[in-house]
Amino acid sequence: TLRGTDVFEVLPTLRGADLVFNLCEAMAGDSRNEPTFVGLLDLFGIAYTGADLLGLASCLYKQRAKDILIGRAVSTPPYRLLDADTLDDPSLDALDYPWFVKLVHEDASVGITEANVVRSVLELRLRARELITQYEQPVIAERYIEGREINVTLIGNGAHPRVLPLHEIDFAAMPADRPRI
C-alpha cells in the first residue's frame, strides 16, 4: 500500500521489471491519486497491467466517464451530479424513480448499501446528504437499472485485444426483497 511519498522508494526497485501487476487503488489514502502511480510508471517506461492514466482518471470522476460514454453514443442511464448546494434543486422531484446514488470519486463499493437504491426524492436527498457528509465529496445519482452484472477482462492493446471468459455476478442467493447490487 502506497502512502504517498514512499513511491519514490518503490519506483527505483521496479526498474528492469518485465511487468508490474498494478493493484494500486489509492495513494496517501485518497483514491483520486490512483492514476498518479500509473502516470509515474509511464514516465519511467515501466510496463504494467490494468488501465492507463487516462482510463483511470476518467473513471474516478464518474460524471466525466458518463459524459464520455454519452459523447460516444454508448447507452447509459441518465444521471445527476449532486453536492450539498444542489440537493434542494426542485427538478429532483420529477425524476423517474428508482435511482441509484454513489460517490463520485470511489470504486470497490465504497459507500454502497441497499439504501443507495432510492425510490423517492426524500430518500434521494437523505442518502445523498449522508454520503456527502461522511465522505466529503459529491455523489452521482443515476436511474437504477436492474439486470445482470457481467465483468469483461481484456488482454492487450490496440485493435485486437484478447477477451477472456466473461464473469457474471450471481445474485440468485439474494433475498427477493433486496436490490441486486
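Just above, that's the structure.
Residues numbered from 1 in each chain as written. Predicted model: local features only at pLDDT ≥ 70, side-chain atom pairs only at ≥ 80, totals over all residues. Heavy atoms only, no water.

(A) Quick look at the pairing of strand S4 (residues 139-143). Most of S4 is tucked away: 4 of the 5 residues are buried. When strand S1 (residues 79-82) meets S4, the two strands line up antiparallel, connected through 4 bridges. Looking at S4, one finds that Leu-81 is bridged to Ile-140. Where strand S2 (residues 99-103) lies against S4, 5 bridges are found, and the strand directions are antiparallel. (Buried < 20%, exposed > 50% of the residue type's maximum accessible area, 1.4 Å probe, protein only. Helix = DSSP H or I, 4+ residues; strand = E, 2+ residues; numbered from the N terminus. Pairing = 2+ DSSP bridges.)

(B) Spatial organisation of the sheet that holds strand S3 (residues 117-118). The 4 strands are arranged S1-S4-S2-S3 in an open sheet whose pairing can be described as antiparallel. At either margin of the open sheet sits one strand with a lone partner, and together these are S1 and S3. Where S2 and S3 come together, 2 bridges link them in antiparallel fashion. Its bridge partner being in S3, Trp-99 is matched across the sheet by Val-118. Where helix H4 (residues 62-71) meets the sheet, it contacts S1, S2 and S4, and its direction lies at approximately 155° from that of S1. Here helix H5 (residues 121-135) sits on the sheet in contact with S1, S2, S3 and S4, set at roughly 5° to S2. (Contact = heavy atoms within 4.5 Å. Axes fitted to C-alpha atoms, helices over the stretch in contact; angles between N-to-C directions.)

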